[in-house]
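Chain by chain, the residues:
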Amino acid sequence: MNSFYRILMFLSVLVFSSCARTDMPAFIPMPVHVDMGTGFYTLPSDPVVACPDSSYLTLGDFAEACLPSVQLVVSDDGDVVILSDEDMKEGEYVLDVRKNGICISTGTYAGAVYAFATLEQMVSDGKIPVSCINDSPRFEWRGFMLDVSRHFFSVEEVKAILLQMARYKFNRFHWHLTDDQGWRIEIKAYPQLTAQGAWRDHEKHGHDVKCADIAISTDNPSFILDPSKITDKGYGGFYTQEEIHEIVAFAASLGIEVIPEIDMPGHSLKVVEAFPELSCGGVAKWGSHFSVPLCPGNDNLLTFAKNVYKEVFELFPYQYVHIGADEVEQLHWKNCPKCQARIRNFGLKDETALQAWFVSEMHDFFSENGKIMIGWDEIVSGDAPEDAVVMWWRGWRPDTRDAAAEAGHDLIISSSEYLYLAGDQNRNSLAKVYGWDPVMDGLESHQDKILGIQAHLWTELCPSFANAYGRIFPRLFAVSETAWSRPEQKDFKDFASRVMKHIRDFDAQGLNYRIPDISGFCDENVFIDSVVVEVEKPFDDLLVRYTSDGSVPRSDSPVYEGPLTVKEECILHFRSYTSEGMPGDIYRAHYSPSEYMEAVLMAEDSLEPGLKADWYEYRGDACDSIETASFNASYVTEGIYIPEEVKGNIGLVFTGYVNIPEDGIYSFYTYSDDGSYIKIDGRMVVDNDGPHSRVERSGQAALKNGLHSVEARYFDHSGGVLEAGWIMPDGERCIFSSGDFLH
């Protein structure tokens, strides 16, 4: 870096430290170090960006998306000057904004991309606050995967997602191009793959039928198939090799590498449909759990696979190619003469070893062509090739992750529990993703093997671009900050406030997103005589519709315009809408009249602090049957949570008393995976029972001053999550703690 600019930046830091600072912009991800100064730089109408050499000129489109009307030139003089500093590491940049101009110092093209992404988040009404930002990524691999097999996304839609990735400093686009439901990449050697495998009958296909049903039952147009992707061939589409070149080049201009996945030997029904002779039985069908795989005992499969991958290698210029190799139903190989002959001839132990042999054959071919293989963590089961990268996705199988690290494999952490973004969301989803850390999750001793993290969007029930955005945003913001920022910088309350600015920007641009939760009610509510229901909205101009007849709110339902008075039992449903009319989550609030429950007549000095917690070796799926299991141990807990010693099959029964300070209606919640409930004085208050992933349920009880009996239950079979507490009048959740209970 030019020493003159180093001195200027040093002096600017001194100035920033002695002046009243401007407010911090709503950065996502949060930069490593930010010094806010005083005053602003005002952008000219046509800013000139001075680049150190012509390689930076491809930055033009992204730079203009961040700062409109910019012009890039090779020069050392401009309104924005990019300086090359070879001492800076990959992705690192220094952004120095002064009142008379902007200087970006970076050692790489990607660093310049990230500097412009940061600038875009700083500019307001043509002004950028004076500041000095030193920034660099935490992880080398900051990825996002898009499944285009289950549902197809156009070239322009893929580009739009890539643009958002660049804005939030992702640098790897994992493109899931083939699966049982669609083959989306042109292979010139085998045109049948797309002629036959890129299309399907959407009126009979299970995913499409289910999406259509959801669209009708929930009045949600984001579940409707894009009509532009329906032709006389059926629903679908594929990318020509020219389109792939176009997307790869566009991604490169954003500092993003495109990683293709061509899934073999499982998830290959479209191959079997086109070439039935490449499977064991010659029929494309589903087995007990997964689809019929390809036949690794067939030499013709090796020829086919190498021909396909050879064309893929030529289309994607980067090191990594993903083979998939997950969820293979090996049972078919047990009854296949060719597979059994392969096992005998190569001295393989079993069908798992046969899959490992196939992966090894492909690995050697990848290596001969200068490529590094990535596989899902199933490849660890068969002694994965030494330099293969393992993408760990099975959150319930930490053994495969640890085995891969101990064997020396580089790891990409893609835990389905935290980084799969296709599932239903709730008020805790964003905090759950944000609060997770890949290193603190058991990999402290193998940090050097973590390449990075990757989020995924599987699209079985994601048939449209709007639906995709509604699933991944704002959770992808949380992944961005985990991948880029340092753990000690993370603070969820601060992050959540920054997210609001970004989703308002999305709303203004007509982009879909998960609307932040409305509040002001529980799932189960009680009242004495009557109650005024006042819905709290995350922003004042949010449109909320409601119904009082138990039906789902629709686009023509009444608009919530102010408090509602409830005097008799009813079920209210609320639903919020984006500015484009896309509906959000449906909230159900049951209201029922109640009388105050009388306190128990018992002397407090006869009781001990805390709750009695009994642990049973429970394998069932309902809280009421926990005590049918064998008893393990008893504990005394301060609240309702899983004691540290409790592992494996968990059935917990908590009993005791809660001391209510004054007559009133009190709100409670549990947040659990799997089932839980809270009863007070024998009455169900919070019903969160049954097998499920992390879900919060809430309820109210009208309680008189004094002691009330409490019974809480919880079950899970793999460690689980259990949190419970009070809901304050302002909606804040407060976990039960010392002093709340007696037993």
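This structure is a prediction, so every number in the text was calculated from the model and none was measured. (Residues numbered from 1 in each chain as written. Predicted model: local features only at pLDDT ≥ 70, side-chain atom pairs only at ≥ 80, totals over all residues. Heavy atoms only, no water.)

Caption draft 1: Here's a closer look at the overall build of the protein chain. From N to C terminus, the protein chain includes 18 helices and 37 strands. With 743 residues in all, the protein chain has 58% of them scored as buried. Of the contacts formed within the protein chain by residues at least 6 apart in sequence, a portion of 72% connects residues at least 24 apart. Only carbon and sulfur atoms are counted for the fraction: they give 49% of the accessible area of the protein chain, which is about 30100 Å². (Helix = DSSP H or I, 4+ residues; strand = E, 2+ residues; numbered from the N terminus. Buried < 20%, exposed > 50% of the residue type's maximum accessible area, 1.4 Å probe, protein only. Contact = heavy atoms within 4.5 Å. Areas by Shrake-Rupley, 256 points an atom, 1.4 Å probe, with all protein chains shown as cover.)

Caption draft 2: Inspection of the side chain of T194 at higher detail. Tracing the backbone through its elements, the reader meets T194 in helix α5 (residues 192-197). Using a relative accessible area of 6% as the deciding quantity, one classes T194 as buried. Those residues in contact with T194 that sit more than four places away from it in its chain are W183, I185, E186, W199 and F238.

Caption draft 3: Expanded view of the nonpolar core. Grouped together as the largest cluster of nonpolar side chains are 166 residues, with contacts concentrated most on F116, W175, Y239, Y309 and F574. No other element matches helix α3 (residues 109-122), which puts 10 residues into this core. (Core = buried A, V, L, I, M, F, W, Y, C linked by side-chain atoms within 4.5 Å.)

Caption draft 4: Highlighting the pattern of salt bridges. As enumerated under the stated definition, the model contains 36 salt bridges in all. Taking the shortest distance from any N to any O, the salt bridge between R588 and E524 comes out at 3.4 Å. Within this pair, whereas R588 is found in strand β26 (residues 583-593), its partner E524 is found in strand β21 (residues 524-527), the two being separated by 64 residues in sequence. The partly exposed category is assigned to R588, whose relative accessible area is 38%. Close ionic contact of E627 with R713 constitutes a salt bridge, the shortest N to O distance being 2.7 Å. (Salt bridge = Lys/Arg side-chain N within 4 Å of Asp/Glu carboxyl O.)

Caption draft 5: Inspection of the sheet that holds strand β17 (residues 372-376) at higher detail. Ordered by their spatial adjacency, 8 strands build a closed barrel running β8-β9-β15-β16-β17-β18-β19-β20, and the pairing between neighbours is parallel. Adjacent strand axes in the sheet meet at a mean angle of 30°, parallel and antiparallel pairs treated alike. The sheet contact formed by strand β9 (residues 172-176) and strand β15 (residues 257-264) spans 5 bridges and is parallel. If you follow H174 over to β15, its bridge partner there is I259. Its contacts with the sheet place helix α12 (residues 351-368) against β15, β16 (320-324) and β17, and it is angled at close to 150° to β17. (Pairing = 2+ DSSP bridges. Axes fitted to C-alpha atoms, helices over the stretch in contact; angles between N-to-C directions.)

Caption draft 6: Molecular detail of the environment of E580. Note that E580 resides in the loop between β25 (570-577) and β26. Residue classification places E580 among the exposed residues on the basis of a relative accessible area of 58%. Measuring from C-alpha to C-alpha, the distance between E580 and L511 comes to 7.9 Å, with 69 residues separating the pair along the chain.

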